Amino acid sequence: MAPSTIHLPNGQTLSVTPVFGGIQFKVNDQHTHHNAFPPGWTIVINSEDEEDDHLSPPPSTSAHTQSDPDATPRAEVPKEKVHHVHRYRRPTLRNDHLFISSISNPSSNDFRPASSPTRQIAMMLWATLWWYFHQPAPSPHLTNPASAQTPEAGRPKADWRININREGIFKGKHLLPKLERMGIVASEDSSVGSDPSDGVTNAGEGWMHMFICQRTFWQLDPRIYLFTLTPTQANSPYPSISPSVSRPSSPNRNSTLSASRVDNEGGVLQPAQALAAHIGRSNTPPGPFTSTSHLPTFYPPPPPQYTFTNNVRHPIRPKPPRQGEIIYTRWVPSLGQYLSFRIASLSKQPCMYRGPSSVPAHTDNSGFGPSARESLLRSGMTTSASEPVVPTMSGLNMQDGDSTMQMTDTELLHKWMNDPRVAYSWGEDGPASHQESFLKHGLTSKHSFPVIGCFDGKPFGFFEIYWVKEDKLAGLLGGEVGDYDRGLHVLVGEQEFRGSHRVKVWLSALVHYCWLNDMRTNVVMMEPRVDNEKLRRYCEDVGFYKEREVSFPHKQSNLMKQKREAWTAPAL
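Residues numbered from 1 in each chain as written. Predicted model: local features only at pLDDT ≥ 70, side-chain atom pairs only at ≥ 80, totals over all residues. Heavy atoms only, no water.

**Some words on the nonpolar core**
Put simply, the rule reads: In this description, a nonpolar core means a group of buried Ala, Val, Leu, Ile, Met, Phe, Trp, Tyr and Cys residues linked to one another through side-chain atoms lying within 4.5 Å. To sort residues, take the accessible area from a 1.4 Å probe on protein chains only and compare it with the maximum for the residue type: under 20% means buried, over 50% means exposed, and anything in between is partly exposed. Contacts were defined at the residue level, with two residues in contact if any of their heavy atoms lie within 4.5 Å.
Trp 41, Phe 170, Leu 179, Ile 184, Phe 341 and Trp 506 are the most contacted members of the largest nonpolar core, which totals 88 residues. Other than its neighbours up to four places away in sequence, Phe 170 contacts Phe 99, Ile 100, Ile 121, Leu 125, Ile 164, Asn 165, Leu 175, Leu 176 and Leu 179.

What follows is the structure, encoded as structure tokens:
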């Protein structure tokens, strides 16, 4: 196994290196006092061969029979199954076992002790599983005595899982029960157990066979396990601006501007805000993992409350994130880029990207196309993505008026909607005022919200995520819609980001977001027009199936569905 680097959704990177007796994970972020991870930990991972592949032959009775032909035949001795454990080489479907053997803790002068050791261990286990389930998937077909003679393509399938051994740091009597409640490990034994001390004074047999499968892992919200403080960027050319100023009338003595600047929206910008306005909105909300309190940013959905819309009873929906806020981010190994989705904005200033990026801070992100950025990654010219990429004055190209990173969302929609290819499907072409009204309508909708998709912070497409129950689609489906079913509308506006390999990535990521956003969502739907055969095939490539056609007043559509129980993982 060669050393590798893994990129976590919050922008941190970990170096994974094989060492004697296991695999070492080392955090690349040098600001350890802002890091919830310890500097490193070591896991032991082994693979166990199929037991039925190694059957011990029974003791021979031929000699006894020859010496005493009249002897009473003895009962046949049952075959003993032998466990064959060897060092991990590549993933197996169900025979891999791991545990965390040691944690590297620095001195207290460099790293604050974890306020919750269990949550820290859960974070390390989650990061380890993130690495493991990015490995090449094994064959999903089971081989057992019953299927040994069946051709492989016809053998039964099973979920890819890894076993968590009660060894190393997992020996603690309360640790595995806590991890099981956090959802990161599971057991097929759902009984309390007959031993009164099981799980109380010791972790008995009921906690010996723990595991997690790939399907479950990808439906765990990373915000449950990943949390970190937001460090102040020492070399940033922009001042630190609080999103909620406590004394708005107080002057900023550190400002380099002597006068306030009037925003295009009519408001007065403070000097510090005026500086940030040159490159984008200064008050763009932080990402999904930002936590100045060092606590997880995941909150479970509230109990349902119901209301009526157009005589349809449905749950009261939670308010969507704020304009410009990133709602999803993930490293895509096949592209060498970060994919992110953020809420669209009506701001008169471009939304400043605050998520992780594969492009170095000193490089003009807008000056490189996808292929050029991927070449930079392969040539090793990029810096670590463990720290947020903060733009510098030398990296800004203010003269490049065509860069999508310097366009407002209204300008992006105006550009994309007036592309003949997009206008053919959406029919929202026209002057900029029309796209502004279109965007405002989406932002004020109570059952949907508009989203901008980005690769390394560069906008490439527009999407709408909606609740089906109160949408006009539900009226065409009768009583077949669940309270939390979601729907998608999709648009790719930038030519450089088109192609089947990218569609599979962002479309599966949108479905992934729907699963993570609410665990009660069990179905995601799309209704592309029947003449859009290419999009129908793209949907089928990521797991959708065509149920039937539905007739809207303005179009005939293929009803495409994907169910949570049939979904495995996003495209990597």
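**Considering the packing of helix H7 (residues 409-417) against helix H9 (residues 432-444)**
Here is the rule we go by: Angles run from 0 to 180 degrees between N-to-C directions of axes, and those axes are lines fitted to C-alpha atoms, restricted for helices to the stretch in contact. In this description a helix means any DSSP run of H or I spanning at least four residues, a strand means any run of E spanning at least two, and both kinds are numbered starting from the N terminus. By the definition used in this description, the sense in which the near helix is turned from the far one sets the handedness, with an anticlockwise turn below a right angle giving left-handed and a clockwise turn giving right-handed. Under the scheme applied here, ten amino acids are nonpolar (Ala, Val, Leu, Ile, Met, Phe, Trp, Tyr, Cys and Pro), four are charged (Asp, Glu, Lys and Arg), and all others, including Gly, are polar.
Where H7 meets H9, the axes come as close as 9 Å, and the angle between the chain directions of the two elements is 115 degrees. Along this stretch, H7 crosses H9, giving a crossing that reads as right-handed. Facing Asp 409, Thr 410, Leu 413, His 414 and Met 417 of H7, the residues of H9 in contact are Ala 432, Gln 435, Glu 436, Phe 438 and Leu 439. When grouped by side-chain class, the residues that make up the contact of H7 with H9 number 5 nonpolar, 3 polar and 2 charged.

**A closer look at the side chain of Asp 456**
The test is simple: Under this definition, polar contacts are N or O atom pairs within 3.5 Å; protein pairs additionally need one hydrogen-donor-capable and one acceptor-capable atom, and for neighbouring residues in sequence, both atoms have to be side-chain atoms.
Following the sequence through the fold, Asp 456 ends up in the loop between strand S15 (448-455) and strand S16 (458-467). Exposure remark for Asp 456: the relative accessible area of 0% places this residue in the buried category. There is a polar contact of 2.4 Å between the side chain of Asp 456 and the side chain of Ser 358.

**Here we look at the sheet that holds strand S18 (residues 523-526)**
Where we set the bar: Paired strands, as defined in this entry, are two strands with at least two bridges between them according to DSSP.
Reading across from one edge, S13-S14-S15-S16-S17-S18-S20-S19 is the order of the 8 strands in this open sheet, with mixed pairing throughout. Both outer strands of the open sheet, strand S13 (326-332) and strand S19 (545-551), are each paired with one neighbouring strand and no more. With strand direction ignored, the average angle separating the axes of adjacent strands in the sheet is 25 degrees. Bridge count for S19 against strand S20 (residues 556-563) is 6 bridges, and the pairing is antiparallel. Residue pairing for S20: Tyr 545 is matched across the bridge by Lys 561. Docked against the sheet, H9 engages strand S14 (337-343), S15 and S16, running at close to 115 degrees with respect to S15. Running over the sheet, helix H11 (residues 500-517) touches S13, S14, S15, S16, strand S17 (486-492), S18 and S20 and is turned about 150 degrees from S17.

**Thoughts on the packing of H11 against helix H12 (residues 533-541)**
Here is the rule: To sort the angles, those under 35 degrees are grouped as roughly parallel, those over 145 as roughly antiparallel, those from 65 to 115 as roughly perpendicular, and the leftovers as oblique.
Running from N to C, H11 and H12 point in directions that differ by 60 degrees, and their axes come no closer than 10 Å. Taken together, the axis directions place H11 and H12 in an arrangement best described as oblique. The way H11 lies across H12 gives a crossing that is right-handed. Contacts between H11 and H12 pair Ser 500, Val 503, Lys 504 and Leu 507 from the former with Tyr 538, Cys 539 and Asp 541 from the latter.

**Digging into the environment of Gln 495**
Secondary-structure assignment places Gln 495 in the loop between S17 and H11. Take Gln 495: its relative accessible area is 55%, and that puts it in the exposed class. Linking Gln 495 and Trp 416, residues 79 residues apart in sequence, is a C-alpha distance of 9.9 Å.

**Topic: H7**
Residues spaced three or four apart along an α-helix face the same direction, because each turn holds 3.6 residues. Applicable threshold: By arc we mean the arc of the directions from the helix axis to the C-beta atoms, nothing more.
Buried residues of H7: Asp 409, Thr 410, Leu 412, Leu 413, Trp 416 and Met 417, and no others. Projection of H7 onto a plane perpendicular to its axis shows the buried side chains occupying an angular sector of 160 degrees, all on one side. Buried residues belonging to H7 abut S14, helix H8 (420-426), H9, S15, S16 and S17.

**Comments concerning the packing of aromatic side chains**
The following threshold applies: Classification of ring pairs uses Phe, Tyr and Trp, with its six-membered ring standing for Trp, and accepts pairs whose centres are within 6.5 Å; under 30 degrees between planes counts as stacked, over 60 as edge-to-face, and the remaining range as tilted. Our definition puts a charge over a ring when NZ of Lys or CZ of Arg is within 6 Å of the ring centre and also within 35 degrees of the ring normal.
Under the definition given, this model contains 28 aromatic pairs. Look at Tyr 132 and Phe 133: their rings are 5.1 Å apart centre to centre, the planes differ by 75 degrees, and that puts the pair in the edge-to-face class. Residues Tyr 132 and Phe 133 agree in their burial class; the two are buried. The ring centre of Trp 467 lies 3.6 Å from the NZ or CZ of Arg 486, which sits over that ring. Over the face of the ring belonging to Phe 455 we find Arg 502, whose NZ or CZ atom lies 4.6 Å from the ring centre.

**Considering the pattern of salt bridges**
Applied cut-off: A side-chain nitrogen of Lys or Arg and a carboxyl oxygen of Asp or Glu constitute a salt bridge if their distance falls within 4 Å.
Summed over all chains, the structure comprises 19 salt bridges. Where Glu 188 meets Arg 161, a salt bridge forms, and the shortest distance between an N and an O atom there is 3.0 Å. Here Arg 161 lies in strand S7 (residues 161-164) and Glu 188 lies in the loop between helix H3 (175-181) and strand S8 (210-213), a separation of 27 residues in the sequence. In this structure, a network of salt bridges that share partners links the residues Glu 480, Glu 547, Arg 548 and Lys 561.

**As for the pairing of strand S4 (residues 40-48)**
Each regular strand shows side chains that alternate between the opposite faces of the sheet. S4 sits mainly inside the fold: 8 of its 9 residues count as buried. As paired elements, strand S3 (residues 22-27) and S4 share 4 bridges and run antiparallel to each other. Counterpart to Ile 23 in the pairing with S4 is Ile 43. Of the strand pairs in this sheet, S4 and strand S6 (residues 96-104) are connected by 8 bridges, and their pairing is antiparallel. Within S6, the residue paired with Asn 46 across the bridge is His 97. By the bridge criterion, 3 bridges tie S4 to strand S5 (residues 85-87) in an arrangement that is antiparallel. Bridging across to S5, Ser 47 finds its partner in His 86.

**Notes on the confidence of the model for the chain**
Selection rule: By definition, pLDDT measures how confident the predictor is in each residue, and it falls between 0 and 100.
With 71% of its residues at a pLDDT of at least 70, the chain reaches an overall mean of 79. Predicted confidence for residues 53-58 stays below pLDDT 50, and this span has 12 contacts to residues more than four positions away or in other chains. When the criterion is pLDDT under 50, residues 229-282 qualifies, and its contacts beyond four places in sequence or with other chains add up to 72 contacts.

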